[in-house]
Amino acid sequence: QALIDELKDPRGGAISTFSGVTRNNFNNKEVLYLDYEAYGPMAEKELTKICQRAAEKWDLLAIGAEHRIGRVDIKEESVIIVAVSAHRREALQATEYLIDQIKIHVPVWKKEFYTDGSSWKENAEWRQKHGCCGDKTLDQANKE
């Protein structure tokens, strides 16, 4: 809510948000929590670039994105995106663009903790863009 309040603009008729939230399951496994790591300086630089590109593509009054690092419990937000515009279409399109670009470009890594162990989770969008690991999971590739 703090990011939304910070970016509100009296000219804005639309505020579009996206929150990525930790769910309690993945592939029939019970998830206890997530733990995120990042290369901080590069992650901040990439987030800024993505927000700037969105501001160039759409007529926005404000835009912002934040990604948490460290432990994120069930029902808590990992990422939040906010776009403000005079009309809904620009804000909605910018929000979708931002989450897609964050998943492709921002160096953030997620480890899922289950009742029966843990696993680093690769980001399929990042892998498609950067070509890591072929059909293997990140854990499988790291064992080789």
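Structure first, text after, so check above.
Remember, predicted model here, so these are calculated numbers, not experimental data. (Residues numbered from 1 in each chain as written. Predicted model: local features only at pLDDT ≥ 70, side-chain atom pairs only at ≥ 80, totals over all residues. Heavy atoms only, no water.)

## Quick look at the pairing of strand β8 (residues 117-121)
Line of reasoning, step 1. For strand β7 (residues 108-114) and β8, the ladder comprises five bridges, and the chain directions are antiparallel. By the bridge assignment for β8, K111 is matched with W120. (Pairing = 2+ DSSP bridges. Helix = DSSP H or I, 4+ residues; strand = E, 2+ residues; numbered from the N terminus.)

## Focus: the environment of E76
Line of reasoning, step 1. Among the secondary structure elements, E76 is positioned in the loop between β5 (70-73) and β6 (77-85).
Line of reasoning, step 2. With relative accessibility at 29%, the residue E76 sits in the partly exposed group.
Line of reasoning, step 3. Along the backbone, E76 and S19 are 57 residues apart, and their C-alpha atoms lie at a distance of 9.1 Å.
Line of reasoning, step 4. The residues contacting E76, other than those within four sequence positions of it, are G20, V21, T22 and R68. (Buried < 20%, exposed > 50% of the residue type's maximum accessible area, 1.4 Å probe, protein only. Contact = heavy atoms within 4.5 Å.)

## A word on the packing of aromatic side chains
Line of reasoning, step 1. Enumeration according to the criterion identifies two aromatic pairs in this entry.
Line of reasoning, step 2. Between Y33 and F113 the ring centres are 4.5 Å apart and the planes differ by 15 degrees, which places this aromatic pair in the stacked class. Separated by 80 residues along the polypeptide, Y33 in strand β3 (residues 29-38) and F113 in strand β7 bring together distant segments of the chain.
Line of reasoning, step 3. The cationic tip of K29 hangs over the ring face of Y114; the distance from NZ or CZ to the ring centre is 4.6 Å. (Phe/Tyr/Trp six-rings, centres within 6.5 Å; stacked < 30°, edge-to-face > 60°. Lys NZ or Arg CZ within 6 Å of the ring centre and 35° of its normal.)

## Topic: the nonpolar core
Line of reasoning, step 1. Of all hydrophobic cores here, the largest spans 26 residues; its most connected members are A54, L60, I63, I81, L98, I102 and V106.
Line of reasoning, step 2. Elements with a contribution of two residues or more to this core: β3, α2 (40-57), β4 (60-67), β6, α3 (88-105) and β7.
Line of reasoning, step 3. For this core, the element with the highest residue contribution is α3, accounting for six residues.
Line of reasoning, step 4. Setting aside its immediate chain neighbours within four residues, V106 contacts A43, E46, L47, I50 and Q101.
Line of reasoning, step 5. Within the second largest apolar cluster, seven residues are counted, among which are I4, I80, V82 and V84. (Core = buried A, V, L, I, M, F, W, Y, C linked by side-chain atoms within 4.5 Å.)

## Some details on the environment of H87
Line of reasoning, step 1. Tracing the sequence through the fold places H87 in the loop between β6 and α3.
Line of reasoning, step 2. Counting along the chain gives 76 residues from H87 to R11, while the straight-line C-alpha distance between them is 9.8 Å.

## Topic: the pattern of salt bridges
Line of reasoning, step 1. If you walk through the whole model with that rule in mind, you get six salt bridges.
Line of reasoning, step 2. Put simply, D9 and R11 hold a salt bridge, and the shortest N to O gap is 2.7 Å.
Line of reasoning, step 3. Between K110 and E112 there is a salt bridge, and its shortest N-O distance comes to 3.7 Å.
Line of reasoning, step 4. Judged by its relative accessible area of 25%, K110 is partly exposed. (Salt bridge = Lys/Arg side-chain N within 4 Å of Asp/Glu carboxyl O.)

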